[in-house]
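A look at the structure
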Amino acid sequence: MMNFVDELFELYRGRLQGTEDDLDMITLTVLGEMSEADILKVIQDMPEEELAWLFRVYLYEGLKEKFNHDQIPVRKNSQFH
């Protein structure tokens, strides 16, 4: 994945300012252009460590969204971040 991320970073370097809006635009554009097979190929090519990171982010963001949906505040814990 990092090779893929590195390629995207080089493609957009200097064109955008790295704001959250820019990052949203890039990710939505990339996802809109990729087929399910393309996405699965990127995932299959990931080293185990990157795959674990991807799954961690997926779980973290999914749980954060569920807590927010139930209006349970998610507090920062500097021990983990």
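Notes on the structure follow. Note that this is a predicted model, so its numbers are computed, not measured.

Considering the overall build of the protein
- Helix and strand content of the protein: four helices and zero strands.
- For the protein, the sequential pattern of α-helices and β-strands runs α-α-α-α.
- With 81 residues in all, the protein has 11% of them scored as buried.
- When the accessible area of the protein is evaluated, it comes to approximately 7,500 Å², of which 57% is carbon and sulfur surface.

Quick word on the side chain of Asp22
- Topologically, Asp22 is positioned in helix 2 (residues 20-33).
- Summary of buried charges: Asp22 has no salt-bridge partner, and the nearest side chain of opposite charge, Arg15, is 11 Å away.
- Sequence-distant contacts of Asp22, that is, excluding residues within four places in its chain, are made with Leu16 and Gln17.

Examining the environment of Leu11
- Along the polypeptide, Leu11 turns up in helix 1 (residues 2-12).
- By relative accessible area, which is 43% here, Leu11 ends up partly exposed.
- Residues Leu11 and Val57, 46 residues apart in the sequence, show an inter-C-alpha distance of 24 Å.

Considering the pattern of salt bridges
- Using the criterion set out here, one finds three salt bridges in the structure.
- The residue Arg13 makes a salt bridge to Glu10 at a minimum N-O spacing of 3.5 Å.
- Ionic pairing is found between Lys41 and Asp45, a salt bridge with its closest N-O pair at 3.0 Å.
- Take Lys41: its relative accessible area is 44%, and that puts it in the partly exposed class.

Let's talk about helix 2
- For helix 2, built from 14 residues, the straight-helix expectation of 20 Å at 1.5 Å per residue is met to within 8% by its first-to-last C-alpha distance of 20 Å.
- Residues of helix 2 that are buried: Asp22, Ile26 and Val30. Around the axis of helix 2, the buried residues are gathered within 60 degrees of arc, so they sit on the same side. Projecting away from the buried face of helix 2 at angles above 90 degrees are the exposed residues Glu20, Asp21, Leu28 and Gly32.

Looking at a nonpolar patch on the surface
- Taken together, Phe55, Tyr58, Leu59, Leu63, Phe67, Ile72 and Val74 make up a surface patch of nonpolar side chains, about 690 Å² in accessible area.
- Inspection of the secondary structure assignment puts Leu63 in helix 4 (residues 48-69).

Observations concerning the nonpolar core
- Of all hydrophobic cores here, the largest spans five residues; its members are Tyr12, Ile26, Val30, Met34 and Val42.
- When near neighbours in sequence (up to four residues on either side) are disregarded, Met34 contacts Phe4, Ile39 and Val42.

Cut-offs used in this document
Residues numbered from 1 in each chain as written. Predicted model: local features only at pLDDT ≥ 70, side-chain atom pairs only at ≥ 80, totals over all residues. Heavy atoms only, no water. Helix = DSSP H or I, 4+ residues; strand = E, 2+ residues; numbered from the N terminus. Buried < 20%, exposed > 50% of the residue type's maximum accessible area, 1.4 Å probe, protein only. Areas by Shrake-Rupley, 256 points an atom, 1.4 Å probe, with all protein chains shown as cover. Lys, Arg positive; Asp, Glu negative; His and termini not counted. Salt bridge = Lys/Arg side-chain N within 4 Å of Asp/Glu carboxyl O. Contact = heavy atoms within 4.5 Å. Expected span 1.5 Å × (residues − 1). Arc of directions from axis to C-beta. Patch = residues over 30% accessible without salt bridge, like charges linked within 9 Å, V, L, I, M, F, W, Y side chains within 5 Å. Core = buried A, V, L, I, M, F, W, Y, C linked by side-chain atoms within 4.5 Å.

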